[in-house]
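Chain residues, written in single-letter form:
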2 protein chains.
Amino acid sequence: MEKAPFVSEAEKKAFWHSTSHILADAVKRLWPDVKLGIGPAIDEGFYYDFSKKEPFIEADLAKIESMMKKITKEDKLFKEVFMTRKEAEKFLKDEPYKLDLLKDFPGNKVSFHQHGNFIDMCNTPVVKSTGQIKAFKLLNLAAAYWRGDSTKPQLQRIYGISFPNKEQLDEYLKLQAELEKRDHRKIGKQLKLFHLAEEVGPGLPLWLPNGETVRQVLLNYMRDLEIRHGYKYVSTPHITKSQLYLASGHLPYYKDDMYPPMKLDNEEYYLRPMNCPHHHMIYKQLVTSYRDLPLRLAEAGSIYRKEASGAAYGLMRVRGMTQNDSHNYCTKAQTKEEIVRVIDLFKEVYSVMGIKNFWFRLSLPDFKAKAKFGGDAKEWEWAAQQIRDAAKDAGLELREVVGEAAFYGPKIDVQIKNVLGREESIATAQVDIMVAKRMNLNFVNEKNEVEHPVIIHRAILGSYERFMAFLIENYAGAFPLWLAPVQVKLLTFTDRNQKFAEKIERQLKDAGIRVESDYSNSTVEYKVRNAELEKVPYVLVIGDKEEKNNTVAVRKRGTAKVQFGVTVQNFIELVMGEVGKKK
Amino acid sequence: MEKAPFVSEAEKKAFWHSTSHILADAVKRLWPDVKLGIGPAIDEGFYYDFSKKEPFIEADLAKIESMMKKITKEDKLFKEVFMTRKEAEKFLKDEPYKLDLLKDFPGNKVSFHQHGNFIDMCNTPVVKSTGQIKAFKLLNLAAAYWRGDSTKPQLQRIYGISFPNKEQLDEYLKLQAELEKRDHRKIGKQLKLFHLAEEVGPGLPLWLPNGETVRQVLLNYMRDLEIRHGYKYVSTPHITKSQLYLASGHLPYYKDDMYPPMKLDNEEYYLRPMNCPHHHMIYKQLVTSYRDLPLRLAEAGSIYRKEASGAAYGLMRVRGMTQNDSHNYCTKAQTKEEIVRVIDLFKEVYSVMGIKNFWFRLSLPDFKAKAKFGGDAKEWEWAAQQIRDAAKDAGLELREVVGEAAFYGPKIDVQIKNVLGREESIATAQVDIMVAKRMNLNFVNEKNEVEHPVIIHRAILGSYERFMAFLIENYAGAFPLWLAPVQVKLLTFTDRNQKFAEKIERQLKDAGIRVESDYSNSTVEYKVRNAELEKVPYVLVIGDKEEKNNTVAVRKRGTAKVQFGVTVQNFIELVMGEVGKKK
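Just so it is clear, the structure is predicted and the values come from calculations on it, not from any experiment.

With that settled, the discussion passes to the environment of Gln507 of chain B. Residues and elements named next belong to chain B. Structurally, Gln507 is set in helix 15 (residues 498-510). Here the alpha-carbon distance between Gln507 and Tyr233, two residues 274 residues apart in the chain, equals 33 Å. The contact partners of Gln507, leaving out residues within four places of it in the chain, are Val568 and Ile572.

This next bit is on the side chain of Asp325 of chain A. Note on placement: Asp325 of chain A falls in strand 15 (residues 320-330). If we ignore the near neighbours within four places in the chain, the residues touching Asp325 of chain A are Asn275, Leu297, Ala298, Glu299, Arg458 and Ala459 of chain A.

With 51 residues of chain B at the contact, the number on the chain A side is 51 residues. Arg319 of chain B is paired through a salt bridge with Asp265 of chain A; the nearest N and O atoms lie 2.9 Å apart. Our count for the contact surface shared by chain B and chain A stands at 21 residue pairs in polar contact (both at pLDDT 80 or more). Of the residues contributing to the side of chain B that touches chain A, the split by class is 26 nonpolar, 12 polar and 13 charged.

Turning to the side chain of Glu465 of chain A, a few remarks are in order. Residues and elements named next belong to chain A. Of note, Glu465 is situated in helix 14 (residues 464-475). An unpaired buried charge is present at Glu465: no salt bridge exists, and Arg215, the closest side chain of opposite charge, is 4.4 Å distant. Beyond its immediate stretch of four places on either side in the chain, Glu465 contacts Pro205, Trp207, Arg215, Leu315, Val318, Gly320, Met321 and Thr322.

On inspection of all chains with the given rule, the structure shows 48 aromatic pairs over all chains. For the pair Tyr475 of chain A and Phe479 of chain A, a centre-to-centre distance of 6.5 Å together with 55° between the ring planes defines the contact as tilted. Using a relative accessible area of 23% as the deciding quantity, one classes Tyr475 of chain A as partly exposed. Take Phe479 of chain A: its relative accessible area is 1%, and that puts it in the buried class. On the basis of an interplanar angle of 65° and a centroid distance of 5.7 Å, the ring pair of Tyr47 of chain B and Tyr159 of chain B is categorised as edge-to-face. Residue Tyr47 of chain B is found in strand 2 (residues 46-51), and its partner Tyr159 of chain B is found in strand 7 (residues 154-163); the two are separated by 112 residues along the sequence. Over the face of the ring belonging to Phe82 of chain B we find Lys109 of chain B, whose NZ or CZ atom lies 4.3 Å from the ring centre.

Take the relation of the copies chain B and chain A next. Superposing chain B onto chain A requires a rotation of 180° together with a translation of 0.1 Å along the rotation axis, leaving an RMSD of 0.2 Å. Such values leave the two copies arranged in the relation of a two-fold axis. Within chain B, the C-alpha atom positioned nearest to the axis of rotation is that of Met262 of chain B, 2.9 Å from it. When the interface residues of chain B are mapped onto chain A, 100% of them again lie at the interface, so the same face is used by both copies.

We now examine the sheet that holds strand 15 of chain A. Residue and element names in this part refer to chain A. The strand order 10-14-15-22-19-18-16-17 describes an open sheet built from 8 strands, whose pairing is mixed. Either end of the sheet is taken by a strand with one partner, and the two such strands are strand 10 (232-233) and strand 17 (398-402). The pairing of strand 10 with strand 14 (residues 295-304) spans 2 bridges and is parallel. Note on strand 14: the bridge partner recorded for Lys232 is Leu297. Packing against the sheet, helix 11 (residues 335-352) makes contact with strand 14, strand 15, strand 16 (358-364), strand 18 (411-417), strand 19 (423-432) and strand 22 (454-463), and its axis sits at approximately 5° to strand 22.

It is worth spelling out helix 12 (residues 377-393) of chain B at this point. Residues and elements named next belong to chain B. Its 17 residues give helix 12 an end-to-end C-alpha distance of 24 Å, which sits within 8% of 24 Å, the value for a rise of 1.5 Å per residue. Among the structural elements, helix 11 (335-352), strand 16 (358-364), strand 17 (398-402), strand 18 (411-417) and strand 19 (423-432) are those in contact with the buried residues of helix 12. Phi turns positive, to about 65°, at Gly395, one or two residues after helix 12.

Definitions and cut-offs
Residues numbered from 1 in each chain as written. Chains lettered and ligands numbered in written order. Predicted model: local features only at pLDDT ≥ 70, side-chain atom pairs only at ≥ 80, totals over all residues. Heavy atoms only, no water. Helix = DSSP H or I, 4+ residues; strand = E, 2+ residues; numbered from the N terminus. Contact = heavy atoms within 4.5 Å. Salt bridge = Lys/Arg side-chain N within 4 Å of Asp/Glu carboxyl O. Polar contact = N/O pair within 3.5 Å; in protein donor to acceptor, adjacent residues only side chain to side chain. Nonpolar A, V, L, I, M, F, W, Y, C, P; charged D, E, K, R; others polar. Buried < 20%, exposed > 50% of the residue type's maximum accessible area, 1.4 Å probe, protein only. Lys, Arg positive; Asp, Glu negative; His and termini not counted. Phe/Tyr/Trp six-rings, centres within 6.5 Å; stacked < 30°, edge-to-face > 60°. Lys NZ or Arg CZ within 6 Å of the ring centre and 35° of its normal. Least-squares fit on C-alpha atoms with pLDDT ≥ 70 in both. Pairing = 2+ DSSP bridges. Axes fitted to C-alpha atoms, helices over the stretch in contact; angles between N-to-C directions. Expected span 1.5 Å × (residues − 1).

Honestly, that's just the spatial picture; any functional story needs more than this.
This is the structure we're talking about:
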């Protein structure tokens, strides 16, 4: 959406909420017996809850939309109407849910909104007249308990969306369709990438072989790159005694996001919500002098955080995740240069991942909300300045926002625009000026004095879960060759060609190519179609001609054209070349 | 030890316990005021606890040994002596700890052992005469609370060992010295391989960069190998809701070994003690028909088990570990063949790891201890027979033992002899005939009937922790080139050569070789010695001559000879060749 359809959040909410009045009016005109629940605006659009003896069916939605169209054409003004509690009770005597709401309403002056003959108890802003709602659509039907309470009656909820004009509505619906097509949860199921099992728990994804392969390619890519850039990989446990999190500050500052403790040997053990304290223990083993700095410890570290179970969403919002994490310990004098290196690494990775539109956001604390941030303002300002200077050196624009820092220092969020133009936080880096002191991490400087290191926490890919969700939606599941779980699929025309195909399969595997085969008795057309649905980058078809000439027929994903007579050696070179270029 | 020094466990215990009598006699002759505690035989040797006003010092041990020698030369007979409780109380009136023990002693007939003039309350078998104890050594001094209770007085414990002849003692002491030299905990510290932090918790190792590198080489080796053998890698969370462990049988059968639960959202979440149930959830996503079998799911799966905190021992006995785990799901008809494949894989891996002396132990349940084993005996017998048949096909000897099966089927333990000739369990495989039914894992067979798969659980390297402990001790830290954390160390004679050395360092790194450098101002001799202590396989020394001729001087670990004038290209080829051969 190039131009926003609404000038403000308030205007948008009033617009959507007004549409719910029109929806309720339409339903009452069609089925006067229906009882009304509530009809708020929500994040995207609005809904209205109804109680109807014969439940709505999908076909009713079109009927209701027609009636709504009529109401908007009438273009009646919205008017505010007030009643005393007594008057309101009398007026609502046949609306048991409204009466239930009225009970919670304080005072004696009850506010209503009226358009035409329809009057609804309501104290939320509405638009001027029904005629303003020029474009709307009812999206779907769902069941909902009254007041979200499963002991109360079940109502039917109708969801909808509306805009000031039809172009905006069309654009919205097109975007929704594209979103649905690219939904990583749907594609994750189709391509067997991951699975969320009720029995395991919300937000705890299981990586199926296909998804694990992509994840591993990403892990290996990051590991190789980071080691080339002077990082050292470590591996640390997923739990620790509470004393470590007391020392690090996690228990005082971060407990709400942590899983509850396990009690053992008169100790409390916690699942880790971050990898930092474990890395800090390793720092203590490896560093004594300034000569040991900078030390860059990296880990594909699995962590667990107590997201509200309802907030879990595919791979985007999870409770168990693996971070592409690292902690770079350095002297004050090295800090700026170390941040520049981190920024350079961000740039290198994002260029490989095809992320062009990204920018950095510097989050500083709101020092009024003092409780959440330790240390003094001067240290925070010093850290923020290092980031600003580093960004300048790296030629990077930095947008500053207030109130979202980590509890141990200013935070850099890397923001991207995804394929649908939506802004997302994809990765973070923090400059930690607090924890080294708190945890007694030291080194001896050139002057033989004991100092604390600065710690840069950074996760270039963020979590592998979130990054995978981004990649799946970005590529709509059609991963580039170097990431594709299956890179090549081998198909045979008939049983006759299977032996030859198996030989080729072995050659490709030996070359390190991820191959699958389909030697079943189905038709080649059917098998090709399957491979396309599986989004395999290359399909090789083997028939008698190929076997005779010792070649393969190559079909590239998304093209109908087949290249015949390619030697296996040439095909391997083609694939390896593309993989090497991370295409 | 070729021939065992003792014919039975009972004889050994009597021998060691008798030596503790002689130790106590010697101490009383030297310091009559000392009060006696207890003096049992233990797993290796014996100890005696004493209360002495001026604590023993190390030098006392030699004095005591001399006196013990005298006592053994006297060759007095051990005699059993009985006293009534009253007589015993009177006899022990100056031995408060013995009197304390006497309180717990039931009945009126108290048993003593006497040799010469020394009489000790004791009802444990002893040898015939003190002269039999021909060879002994006092090993060390330690503090010990009376009855192991920290509220009671602290005594001094003297540990010792003894044998029927001097050769046996010498052999034992030599083995102990070798054990100490190879102790993976000591080497792990020296080579910075891993760290056990008090703050994190017992049995929860942190892998330092050097150790993590070796671990990763092993992980990659196993992953590549397993994928070549048709395994599919997955990745699953470390926790799950209790309902999964109720279904799998872990909660009824394995709870004692699990960490306590975390309570969240009215659910109990458990850290996983095994990876199986998570893999079973993936099976359900991937398998519908017999055509989908066999399915081999592999994972480097981290698990947590509640070993008693005192039992934690380096990397050998840990609470947090990562298994080289897999679950192979197959039909009944495929079971034998699948076990043969597993055995073949065992053989391939062990040959690469230089493990020559290994054999398989088949553990079957003691069906009298019924509670621990589900299912009927016929199914267990069928599974055991598959293993026997497979072992026969694979030409493998199988030793059968009773009572140690897994709760879901017979267990194969892979036993090895380590470098010191000691037997260890290094890996396991289980044939699971229970859990598929219990967890409702199904497939449709050729006749369109619903069946449960057989599940082979196997961990070829066991846990990476335990396997690393084995490797460290096997190689005494001097890992072969392909496993070495640092493969090549570059040293310079003077600052002049640093630039040239850095160019070579880059070339080696680009070739994928793990290189470190030491360009400090220390002498080359000092730097070489450091590299030897770090057990780096190749040291390259760079001086003016090398720089002028564009070559390196190569020094192989453990040899004093230096090969001069080697081109970098030739050196890279040498290294890559050795790594490729896993030497």
